[in-house]
Amino acid sequence: MALVVATAFAPLPALAQQVGADAGAEQRDVAELDAIVVTAQKRSERLQDVPIAIETLGEAALAAGPVTDITAIQLVSPAVSGSGNSSAQPLIAVRGIVSNDFSIGADPALGIYVDDVYTGRSAGAVQELVDIDRVEIVKGPQGTLFGRNTTAGAISIYTNRPDPGGFSGSAAISIGDFEAVRASTTVNMPLDDQATVRASIVYDRHDGFFENALGGRRLDKADHLAGRAALRFQSGTLDIILTGEYERDRDDGLVAKSIVYRIPGDEGFAKAKPPVPINAPIRNHRDLYGGNLRIEAPLGSLDFTSVSAVRGYRVRYLEDTDATPLTLVHFGSREWQDAQSQEFRLASPYQAFRWTAGASIYHERIAADSRTIYDEDGVCTGLARSPTPTDCDSLLRALPSPDPSAASLFDALFAAGVVTDPYTGETGQIETNRARGEYLSFGVYGDFTLELTPTFSLTGGLRYSRDRKSVNVSSPPTTNLVTLVNGGNLYLRSGQQRASKTWDQWQPRMVLAWKPLESLSAYASYTRGYKSGGFNVLQPGDPPFGPERVSQIEAGLKGSLFERRLRYDFAAFQWRYNDLQVQVFEGGLPIVRNAGRARGRGLESSITFAPDSRLDLTLAAAFLDATYTRFRLGQSLDYTGNRLPLAPKASGRVGVAVHDLPGLDGLSFQADYVHRSLQYFSPDNGVLRQPAHGLLSARIAYQIPRSGLEIVLSGENLTNSRYATTGQVIDAVNVAVLRLGEPRRIAVGTRLQW
């Protein structure tokens, strides 16, 4: 309230008169706080004028901070939590909403867009951030303008366009702990007075943070090579950009640490390179490609935009799911996707009544061949909930027999000729699943803003979305002792399924905005979001799960003070979900169920202060209460009242950046500290949890005077905090693992611009 009152009654123009000889330079730097331009409403607008809760990371912040791909946004945004896990399985939650099913039968809740192109699958969403103009994080459901699957929000990545202004470029290289190397270069070159080409490439690798307790190389290595090239043609008001991109990842699969099976000499999470007993090959090999054609041109007095795109990937993935020396469950898959999309958009001139209308279509073919591998004795160890290996012979002799004439289950099975005496469990048991899908989504939308008075405006929007999904799934039965006792396949249910289903939804949006001053605005909004239903393709024959729907009300305030040297924003929101899609394990089977209802409410705020051209301070906080209000599974499981996974009650960030200190021109320093309270990783709010923790990152750089050369020293997780980012539990076979966050990493490098 003090900030609002100060904004309304104390513009303080005198402050600008006290700046002195450097006033011009300082004014330019300070004005940048208020000059950030975003396109969250499909037209260029000042960040402070957009009636949406939105965060931005500009080119300078991306170059100076720890964010190298979208999974690292949680290092600088209190409203975002989660982890990359791997490029094939990212977990990113916004305001407590996340999708934890990575099968091809489900869609993500967070929409991720690259140059307005929807990435579709989680496995195709994570990519290296190189030569990026900005990243916009739009929080809460955004169905009207963004379209598919934005119940949690939308992250939009905008690459730098080819610049006809002249030849330019940059190159950077850094080396660090764990034999890390990151190198990148960008070149911009005009070909003539109408055509410009821009290309960038990045290579990023490290040798992994875990030691394999069973011997061999370190685990969790990463090896990425990515490139992008764009050709821009401009003639009068016509602007055409053709872009192609490719990324090649040769990483390890998910590495986790068991919390139910400890190896001798294990020091828990505290060791610099935590030992993990991986007894299987792990792999996350991905090839990602994309191409898009963007056409911008006037159509009379209207602005016309066409975005045509193709995207796809190929993934080969293996993981040691149980993270023990046992072969209790190992999972692998081969997955591919080919997708095409088209969007047409018309926008009126920016005037008292302005509007945007468009239509989009998205089509994809996707396939996955999955398998689980296990040893019977490994599964028997899990069923016995034993901390040490237990063979099936011992387990069967300890279980009662359904036949009164037999002393134990073993005796009954032996009499039936099912087992031998003694019984040696079979090894290398394999269950397979072959799934194919074809999905088509269509949407039409319109959004308008009417200025009712010089200070009040009304925005309304409506989108109609229609999704049709067809799947073909085949999973043959496996015959062994474990599945015989279980009554069917253990992890991948056997069966055949051919199914198609269509879902559709109207998604409205209403916003009332008030702007009494150029430096103060407020808004209240109501929005609805929708994510289509899908199929449990790993469990053929299971009925399709329904779409999830969310309604959100939000009120926000944005303003600036001291000649725009201080910028602040606040947002209060409440959302309600119907049929929230949640992955749970029923027995040993991963399956998506609609959670009934969930409710979340919270507050978000940020303050950025630049008292002069040399100093920037940022304070941000988020408070969230997100719980299931109705979530029952059968007669035995009731998660009603539990908190949603990856939804900490409190998060905060403190950031400081210092530039060109007196007498130290060219020296800059930046530090960010992000803190999160307790968060859970599963709906049962059980053992999978992460207590409150904080992460500190920092960067110090020296720009050599009158040159484009910069020397950089950077560090992430400088306090070497030991923390987990996600977890998984398969209670029926006593599997519970946590994925650990990265330890402290120090790097030194150089960057040259020309």
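Up top is the structure these notes are about.
The rules behind the values
All residue numbers refer to position in the chain's written sequence, counted from 1. Residue-level local features of this predicted model are given only where pLDDT is at least 70; pairs of side-chain atoms are given and counted only at 80 or more, and the full residue set underlies all totals for whole chains, interfaces and linings. Calculated side-chain values reflect all of the structure's heavy atoms, with hydrogen atoms and water omitted. Numbering of helices and strands runs from the N terminus; a helix is a DSSP stretch of H or I covering at least four residues, while a strand is a stretch of E covering at least two. Only the C-alpha atoms count toward the radius of gyration. The rule for a globule is 2.2 Å times the residue count to the power 0.38. Classification of residues uses two cut-offs on accessible area relative to the type maximum, computed with a 1.4 Å probe and protein chains only: under 20% is buried, over 50% is exposed, and between them is partly exposed. When checking whether two residues touch, look at their non-hydrogen atoms; a contact exists if any pair is within 4.5 Å. Note on areas: these come from Shrake-Rupley sampling with a 1.4 Å probe, and a residue is covered only by the protein chains present in the view. Counting rule for charge: Lys and Arg are taken as positive, Asp and Glu as negative, and neither His nor the chain ends is counted. For this purpose, a charge sits on NZ of Lys, CZ of Arg, CG of Asp or CD of Glu. A pair of strands is treated as paired once DSSP finds two or more bridges between them. Criterion for a salt bridge: a side-chain nitrogen of Lys or Arg within 4 Å of a carboxyl oxygen of Asp or Glu. Buried residues of nine kinds, namely Ala, Val, Leu, Ile, Met, Phe, Trp, Tyr and Cys, make up a nonpolar core once their side-chain atoms join them within 4.5 Å. Pairs of cysteine sulfur atoms within 2.5 Å are what we label disulfides.

### Re the overall build of the chain
Part 1 of the argument: Counting its regular elements, the chain contains 9 helices and 42 strands.
Part 2 of the argument: A compact globule built from 754 residues should have a C-alpha radius of gyration of about 27 Å, and the chain, at 27 Å, falls within 12% of that.
Part 3 of the argument: Projected onto the principal axes, the alpha-carbon positions of the chain cover approximately 100 × 55 × 55 Å.
Part 4 of the argument: Counting every position in the chain, which comprises 754 residues, the buried fraction comes to 56%.
Part 5 of the argument: Taking the contacts inside the chain whose residues are at least 6 apart along the sequence as the reference set, 67% of them involve residues at least 24 apart.
Part 6 of the argument: Summed over its atoms, the accessible surface of the chain is roughly 30,200 Å², and 58% of this surface lies on carbon and sulfur atoms.
Part 7 of the argument: Averaging the locations of the 75 positively and 83 negatively charged side chains of the chain gives two centres separated by 3 Å.

### A few points about the sheet that holds strand E40 (residues 724-730)
Part 1 of the argument: Sheet architecture is open: 3 strands sit in the order E16-E41-E40, paired in antiparallel fashion. Looking at the sheet topology across the chains shown, the edges are occupied by strand E16 (257-258) and E40.
Part 2 of the argument: In this sheet, strand E41 (residues 735-740) lies alongside E40 in antiparallel orientation, the contact comprising 6 bridges. Looking across to E41, one finds that Ala 724 is bridged to Leu 740.

### Focus on the pattern of salt bridges
Part 1 of the argument: Within this structure, the stated rule accounts for 47 salt bridges.
Part 2 of the argument: Among the salt bridges present, the one from Arg 294 reaches Asp 116, with a minimum N-O distance of 3.0 Å. Taken together, the residues span a long stretch of sequence, with Arg 294 in strand E18 (residues 283-299) and Asp 116 in the loop between strand E6 (110-114) and strand E7 (117-118) at a distance of 178 residues. Of the two residues examined, Arg 294 and Asp 116, each falls in the buried class.

### Section: the nonpolar core
Part 1 of the argument: If you look at the biggest cluster of nonpolar residues, it comprises 45 residues, and the most contacted ones within it are Ile 73, Val 135, Trp 575, Tyr 628 and Leu 644.
Part 2 of the argument: Going through the elements one at a time, strand E5 (91-94), E6, strand E8 (132-139), strand E9 (153-159), strand E27 (566-578), strand E28 (581-586) and strand E31 (615-630) are the ones with two or more residues in this core.
Part 3 of the argument: Ignoring sequence-local partners within four residues, the contact set of Leu 644 consists of Gly 96, Ile 97, Trp 575, Leu 580, Ala 598, Ala 626, Thr 627 and Tyr 628.
Part 4 of the argument: In terms of nonpolar packing, the next biggest core, distinct from the first, is built from 19 residues, Ala 123, Leu 254, Ala 368 and Ala 499 among them.

### Overview of the state of the cysteines
Should the sulfur atoms of two cysteines be covalently bonded, the bond is a disulfide.
Part 1 of the argument: A complete count under the given rule lists 1 disulfide for this structure.
Part 2 of the argument: Each sulfur of the disulfide joining Cys 380 and Cys 392 lies 2.0 Å from the other. Looking along the S-S bond of the Cys 380-Cys 392 disulfide, the torsion reads about 100 degrees, which is the right-handed sense. Of this pair, Cys 380 sits in helix H6 (residues 376-383) while Cys 392 sits in helix H7 (residues 392-398), and the two are 12 residues apart along the sequence. Of the two residues, Cys 380 and Cys 392, both sit in the buried class.

### Describing the environment of Leu 231
Part 1 of the argument: By secondary structure assignment, the location of Leu 231 is in strand E14 (residues 222-235).
Part 2 of the argument: Distance in space between the C-alpha atoms of Leu 231 and Ile 241 is 5.7 Å, their sequence separation being 10 residues.
Part 3 of the argument: If we ignore the near neighbours within four places in the chain, the residues touching Leu 231 are Leu 191, Thr 196, Ile 240, Ile 241 and Leu 242.

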